[in-house]
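# A look at the structure
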Amino acid sequence: MRVEYLNIPENDTGIKTQRYKALINLPIKLNEKKDYLITGLEYNRFDMGYSADLPFDKSELIRFHVLDLNLGFITKWNENWNLVTILTPRFASNFVSGTITDDFFMNATATFWKERADADKPYRIVLGLTYNSTTGLPVPLPLVNYYRKFHPNWSFTFGIPKSSLKHHINNRHSLEMALLLDGYFINLQNGIELENGQVASKISLTSLLGTLVYQYNISKRMSIFAMLGKTIVQEGMLRNDDQGKVYLLNDESNFYIRTGFKIGIF
């Protein structure tokens, strides 16, 4: 379970963003082989603010919603590796006129997962493929994540969408430097007609962030965290039905503030 609040303050383009997130995934043990069925739900709400004048009506660019339904299966592939498959139907829209077909997207992931939490230097390896219908690429993309605690007080994660170096001060406190990708891709139900005659039917944000994260562990499974960072690369864009770029909203750096509470059982 996770709840989060994100604030991206206004930058030189006059755009600011707030995001509210709630996520819960429930693992259901199926048998003594430790096969699990995963069911879950994630909701994100984006509230946008614009102080700059835009050459079109921005009334439909104020609030967006993203709802994910997660259905996954974890099984033991062999003595060392687990197989994880996840299917994620998604609704992402400004929902100004109920729900329409274009609000629906489908994402899927299949990975092999190996973990040794009891090793002298604990590690985790995830190797697989992920298909995201919002990337504009009609093929599965590689997913790689490698975590290792190489010292009692230090660990690192290398992969996409996050790489980090973490200092475990003690059992309660930790500091982490991280590089991560973030963003969204959302349907605009009524479309926005631009001055050049094109129609924007999607809005997207892609950003690469450098962050510093503080985490306080309330217990072994429960923690709160605060993140402060800045976007290194950022592109907020209006797009057409073919995902082509039709209007640049934001390519200026922003500060990035995020805080939240989480519970994890794995």
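Residues numbered from 1 in each chain as written. Predicted model: local features only at pLDDT ≥ 70, side-chain atom pairs only at ≥ 80, totals over all residues. Heavy atoms only, no water.

### A look at the nonpolar core
- By size, the foremost hydrophobic cluster in this structure holds 22 residues, and its most contacted members are Leu 61, Phe 64, Ile 186, Ile 203 and Leu 238.
- Sorting elements by how many residues they give to this core places strand β11 (residues 173-193) first, with five residues.
- In contact with Ile 203, not counting residues within four places along its chain, are Leu 61, Phe 64, Tyr 184, Phe 185, Ile 186, Leu 188, Met 237, Leu 238 and Leu 249. (Core = buried A, V, L, I, M, F, W, Y, C linked by side-chain atoms within 4.5 Å. Buried < 20%, exposed > 50% of the residue type's maximum accessible area, 1.4 Å probe, protein only. Helix = DSSP H or I, 4+ residues; strand = E, 2+ residues; numbered from the N terminus. Contact = heavy atoms within 4.5 Å.)

### A few points about the side chain of Asp 35
- Inspection of the secondary structure puts Asp 35 in the loop between β2 (15-29) and β3 (36-50).
- Assessed through its relative accessible area of 6%, Asp 35 is described here as buried.
- Leaving out residues up to four positions away in the same chain, Asp 35 has contacts with Ile 28, Lys 29, Leu 30, Phe 73, Ile 74, Thr 75 and Lys 76.

### With respect to the packing of aromatic side chains
- This model, assessed by the stated rule, comprises eight aromatic pairs.
- Plain terms: the ring middles of Phe 150 and Phe 156 are 5.9 Å apart, the flat faces sit at 40° to each other, and that makes the pair tilted.
- One aromatic cluster is present, formed by Tyr 146, Phe 150 and Phe 156 through successive ring pairs.
- A cation sits over an aromatic face here: Lys 230 above Phe 255, 5.2 Å from the ring centre. (Phe/Tyr/Trp six-rings, centres within 6.5 Å; stacked < 30°, edge-to-face > 60°. Lys NZ or Arg CZ within 6 Å of the ring centre and 35° of its normal.)

### Focus: unusual backbone geometry
- With omega at 20°, the peptide bond leading from Ile 160 into Pro 161 counts as cis.
- Along the polypeptide, Pro 161 turns up in the loop between β9 (154-159) and β10 (162-168).
- With a phi angle near 50°, Phe 95 is a residue other than glycine that sits in the positive phi range.
- For Phe 95, the position within the fold is in the loop between β5 (82-93) and β6 (104-116).
- Phi at Gln 243 takes a positive value of approximately 65°, unusual for a residue other than glycine.
- A relative accessible area of 23% places Gln 243 in the partly exposed class.

### Focus: the pairing of β10
- Pairing analysis gives four bridges linking β9 to β10, with the strands arranged antiparallel. Among the inter-strand pairings, Thr 157 is bridged to a residue of β10, identified as Ser 164.
- In this structure, the hairpin formed by β9 and β10 is closed by a connection of two residues.
- As paired strands, β10 and β11 are joined by seven bridges and run antiparallel to one another. The partner of Ser 164 across the bridge, within β11, is Ala 178.
- Hairpin connection between β10 and β11: a loop of four residues separates the two successive antiparallel strands. (Pairing = 2+ DSSP bridges.)

### Observations concerning the environment of Leu 30
- Position of Leu 30 relative to the elements: it lies in the loop between β2 and β3.
- For Leu 30, a relative accessible area of 46% corresponds to the partly exposed category.
- For the pair Leu 30 and Phe 73, spaced 43 residues apart in sequence, the C-alpha to C-alpha distance is 10.0 Å.
- Once residues within four sequence positions are removed from consideration, Leu 30 is found in contact with Asp 35, Tyr 36, Leu 37 and Phe 73.

### Considering a nonpolar patch on the surface
- Together, Phe 150, Trp 154, Leu 165, Ile 169, Leu 175, Met 177, Leu 212 and Tyr 214 make up a nonpolar patch on the protein surface, roughly 690 Å² of accessible area in all.
- Looking at the nonpolar patch, the elements that each hand over two or more residues are β11 and β12 (199-217).
- Within the element layout of this structure, Leu 212 appears in strand β12. (Patch = residues over 30% accessible without salt bridge, like charges linked within 9 Å, V, L, I, M, F, W, Y side chains within 5 Å. Areas by Shrake-Rupley, 256 points an atom, 1.4 Å probe, with all protein chains shown as cover. Salt bridge = Lys/Arg side-chain N within 4 Å of Asp/Glu carboxyl O.)

### Re the pattern of salt bridges
- Under the counting rule described, the total for this entry stands at 16 salt bridges.
- As a salt-bridge pair, Arg 239 and Glu 235 come within 3.9 Å of each other at their nearest N and O atoms.
- Owing to a relative accessible area of 13%, Arg 239 belongs among the buried residues under this scheme.
- Through salt bridges that share partners, Arg 2, Glu 4, Arg 19, Asp 182 and Arg 258 make up one connected network.

### Overview of the side chain of Thr 75
- Topologically, Thr 75 is positioned in strand β4 (residues 63-76).
- One polar contact links Thr 75 to Asp 35, side chain to side chain, over a distance of 2.7 Å. (Polar contact = N/O pair within 3.5 Å; in protein donor to acceptor, adjacent residues only side chain to side chain.)

### Side note on empty space enclosed by the protein
- One pass over the full model with this rule turns up two cavities of 30 Å³ or more.
- For the largest cavity, the lining is made up of 16 residues, of which Ile 15, Met 48, Tyr 184, Leu 205 and Asn 250 are closest to its centre.
- Residue assignment for the lining of the largest cavity shows that the elements contributing at least two residues are β2, β3, β12, β13 (222-239) and β14 (245-250).
- Tallied by class, residues from the lining of the largest cavity come to nine nonpolar, six polar and one charged.
- Considered as a void within the structure, the second largest cavity measures approximately 70 Å³ in volume.
- Sorting the residues of the lining of the second largest cavity by element identifies β1 (2-8), β2, β11, β12 and β13 as the ones contributing at least two each.
- Grouping the constituent residues of the lining of the second largest cavity by class yields seven nonpolar, five polar and two charged. (1 Å grid on protein atoms, 1.4 Å probe; cavity = no way out; pocket = protein on both sides within 12 Å on 5 of 7 lines; lining within 4 Å. Points joined across faces, edges and corners; volume = space filled by probe spheres on them. Nonpolar A, V, L, I, M, F, W, Y, C, P; charged D, E, K, R; others polar.)

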